[in-house]
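# Analysis of the macromolecular model
Take a look at the letters that make up each chain.
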Amino acid sequence: MKRLLIATGGGDCPGLNAVIRAIVKRASHEKEWEVLGSIQGFNGILWEPQEIIRLDEKTVAGIHYRGGTILETTNRGGPFHWPYRQSDGTWTTADRSDEMIRRLSYMGVDAVVNIGGDGSQRYSQQLFEKGLNIVGVPKTIDNDLSCTDVTFGFQTAVEVVTEAIDKLVTTAQSHNRVFIIEVMGRDAGWIALHASIAGGAEICLIPEIPYDVQAVKEAIERRFVFDRGFCIIVIAEGAMPQGGDVVGTSGEEVGRQQIRLHGAAARLSAELKQAGCTHDVRETILGHLQRGGIPIAYDRVLASQYGIKAFELVKEEKFGQMVAYHHPNVVSVPIAEAIATPNLVTMDSNVLETARGLGICFGD
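Residues numbered from 1 in each chain as written. Predicted model: local features only at pLDDT ≥ 70, side-chain atom pairs only at ≥ 80, totals over all residues. Heavy atoms only, no water.

### Some points on the packing of helix H1 (residues 16-27) against helix H10 (residues 297-315)
Contact geometry of H1 with H10 gives a least axis separation of 7 Å together with a crossing angle of 45°. Between H1 and H10, the angle falls in the class oblique. In this structure, H1 meets H10 at a crossing whose hand is right-handed. Counting all contacts with H1, which are made through Ala-18, Val-19, Ala-22, Ile-23, Arg-26 and Ala-27, the residues of H10 involved are Arg-300, Ala-303, Ser-304, Gly-307, Ile-308, Ala-310, Phe-311, Glu-312 and Lys-315. Among the residues forming the contact of H1 with H10, the class breakdown is nine nonpolar, two polar and four charged. (Axes fitted to C-alpha atoms, helices over the stretch in contact; angles between N-to-C directions. Helix = DSSP H or I, 4+ residues; strand = E, 2+ residues; numbered from the N terminus. Parallel < 35°, antiparallel > 145°, perpendicular 65-115°, else oblique. Left-handed = near helix turned anticlockwise from the far one by under 90°. Contact = heavy atoms within 4.5 Å. Nonpolar A, V, L, I, M, F, W, Y, C, P; charged D, E, K, R; others polar.)

### Let's talk about the sheet that holds strand E2 (residues 33-38)
Taken together, seven strands build an open sheet; the order of strands is E3-E2-E1-E6-E7-E16-E17 and the sheet is mixed. On the outer flanks of this sheet lie strand E3 (52-55) and strand E17 (329-334), each paired with one strand and no other. Within the sheet, the average angular offset between the axes of one strand and its neighbour, ignoring direction, is 30°. Note: strand E16 (residues 321-326) against E17, six bridges, orientation antiparallel. Paired with Ala-324 across the two strands is Val-331, which belongs to E17. Running over the sheet, H1 touches strand E1 (2-8), E2, E3, strand E6 (111-116) and strand E7 (134-138) and is turned about 175° from E1. (Pairing = 2+ DSSP bridges.)

### Structural notes on the nonpolar core
Core analysis: the largest hydrophobic core is formed by 68 residues, its most contacted members being Ile-20, Ile-115, Val-137, Phe-152, Ile-232 and Phe-362. Considering every element that reaches this core, the biggest residue donor is helix H6 (residues 154-175), with nine residues. Not counting residues within four places of it along the chain, the set of residues in contact with Ile-232 comprises Ile-165, Leu-168, Val-169, Ala-172, Phe-179, Ile-181, Ala-201, Glu-202 and Ile-203. Ranked by size, the runner-up nonpolar core spans 20 residues in total, among them Val-216, Ile-235, Cys-277 and Val-281. (Core = buried A, V, L, I, M, F, W, Y, C linked by side-chain atoms within 4.5 Å. Buried < 20%, exposed > 50% of the residue type's maximum accessible area, 1.4 Å probe, protein only.)

### Concerning the side chain of Asn-17
Within the element layout of this structure, Asn-17 appears in helix H1. Classification of Asn-17 by relative accessible area gives buried; the value is 0%. Polar contacts involving the side chain of Asn-17 include one to the main-chain carbonyl oxygen of Arg-66, which spans 3.3 Å. In this structure Asn-17 touches Ile-63, Arg-66, Gly-67, Gly-68, Thr-69 and Ile-70, once residues within four positions along its chain are discounted. (Polar contact = N/O pair within 3.5 Å; in protein donor to acceptor, adjacent residues only side chain to side chain.)

### Considering the sheet that holds strand E12 (residues 231-236)
Within the open sheet, the four strands sit side by side as E9-E12-E8-E15. Their pairing is parallel. Strands at the two margins of the open sheet, each flanked by one partner only, are strand E9 (203-205) and strand E15 (280-285). Averaged over neighbouring strand pairs, the angle between their axes works out to 20° when direction is ignored.

### A short note on helix H7 (residues 190-199)
With seven of its ten residues buried, H7 lies for the most part within the structure. Turning to H7, its buried residues are Trp-190, Ile-191, Ala-192, Leu-193, Ala-195, Ser-196 and Gly-199. Of the surrounding elements, those touching the buried residues of H7 are H6, strand E8 (177-183), E9, E12 and helix H12 (350-357). Note on H7: the residue one or two positions beyond its end, Gly-200, has a positive phi of about 75°.

### Some details on the packing of H6 against H7
At their nearest, the axes of H6 and H7 sit 9 Å apart, and the two run at 45° to each other. Classed by the angle they form, the pair H6 and H7 counts as oblique. Seen from above, H6 lies across H7 with right-handed handedness. Across from Phe-154, Ala-157, Val-158, Val-161, Thr-162, Ile-165 and Asp-166 in H6, the residues of H7 making contact are Trp-190, Ile-191, His-194, Ala-195, Ala-198 and Gly-199. Residue composition of the contact of H6 with H7, by class: nine nonpolar, three polar and one charged.

### Concerning unusual backbone geometry
Residue Glu-48 is joined to Pro-49 through a cis peptide bond whose omega torsion reads -5°. Along the chain, the position of Pro-49 falls in the loop between helix H2 (43-46) and E3. With an omega of 5°, the peptide bond between His-327 and Pro-328 qualifies as cis. Looking at where Pro-328 falls in the secondary structure, it is placed in the loop between E16 and E17. Positive phi is not limited to glycine here, since Gln-40 has a value of about 55°.

### A look at a negative patch on the surface
Together, Asp-212, Glu-218, Glu-221 and Asp-227 make up a negatively charged patch on the protein surface. For Asp-212, the position within the fold is in the loop between E9 and helix H8 (213-221). (Patch = residues over 30% accessible without salt bridge, like charges linked within 9 Å, V, L, I, M, F, W, Y side chains within 5 Å. Areas by Shrake-Rupley, 256 points an atom, 1.4 Å probe, with all protein chains shown as cover. Salt bridge = Lys/Arg side-chain N within 4 Å of Asp/Glu carboxyl O. Lys, Arg positive; Asp, Glu negative; His and termini not counted. Charge placed at Lys NZ, Arg CZ, Asp CG, Glu CD.)

### As for the environment of Arg-3
Structurally, the position occupied by Arg-3 is in strand E1. C-alpha of Arg-3 to C-alpha of Met-322: the two residues are 319 residues apart in sequence and 19 Å apart in space. Setting aside residues up to four positions removed in sequence, Arg-3 forms contacts with Trp-33, Glu-34, Leu-36, Met-107, Gly-108, Val-109, Asp-110 and Ala-111. Reaching out from Arg-3, the side chain makes a polar contact with the side chain of Glu-34 at a distance of 2.7 Å.

### Observations regarding the packing of aromatic side chains
According to the stated counting rule, one finds three aromatic pairs in the structure shown. Residues Trp-33 and Phe-311 carry aromatic rings whose centres are separated by 5.7 Å and whose planes lie at 75° to one another, so their mutual orientation is edge-to-face. Here Trp-33 is found in strand E2, whereas its partner Phe-311 is found in helix H10, with 278 residues between them in sequence. What makes Trp-33 buried here is its relative accessible area of 11%. Between Arg-96 and the ring centre of Trp-82, over which it is positioned, the NZ or CZ distance is 4.8 Å. The side chain of Arg-223 reaches across the aromatic face of Phe-230, ending 4.9 Å from its centre. (Phe/Tyr/Trp six-rings, centres within 6.5 Å; stacked < 30°, edge-to-face > 60°. Lys NZ or Arg CZ within 6 Å of the ring centre and 35° of its normal.)

Structure (structure tokens):
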């Protein structure tokens, strides 16, 4: 009997369960394969006692429409940065990757499918270089992984933001207000950009284009006549003013590698008031609403395609590969290529050109 282990790491994302279900259902056609799941990424392998569950058709029945992941997930720790308390009471991290690979060998695991974003796929590449048979599946609402047209979860996040804009338009119009909607995306502005087009926002501020607050103020003023009017601004959490930096905190979570971004909307609101904007400005932060809940049909289909392809790669022993979507085909690319350069909004992007053609202001 061959064993395949699935891990879901990083932030949760609509469509994760659909990937898990697809892998298990495809593996069920091959009598010699057994599928296991590690709880909270690779933590389930390294914990004492271990938390590993058997995944079969009964376990995954009906999970395709559920948000989150039945395997749970984490964006702290991991095999290369395992947090532990020293004898003096302080916390530090250790590299337990070799130990984890040995544990997988003792468990009789022949291959691993790691479902995750940029950080998780960096782990995949490092583990592959250490000799682990591993396949990556790209997962991130930020859509910031290269070598694939799109990552599952992204379209659901855009849908959530678009629906929020639709609701805020009515209250903004009723009260003659300016609404600033802060959305996720870290270093990539894809969610903000797509949702601004779909939701009809007047201003879109993204990490790739540092904004001039005066230009933003002027764009707002064009929406008002004698203090009557309204304006919708979508700002990515990683957006920054010209000459400035992102807003966030490093936090005190042991093993967490990334800064926690928050406060972009509040900062912009303060900047606008300081620049002389006299309109009523309100901020709405969507936060984790964008990654929670039921995945839309598009992401369920894409996630299922990814799961089937991931198993095929395992069966064909094509390790060190990441599943990718190159319209209209689901293919595979080396994980090393996918993580080499982030997928960011470029100035020649057709979506950006569309937004500019619609008159959306980017603060530049």
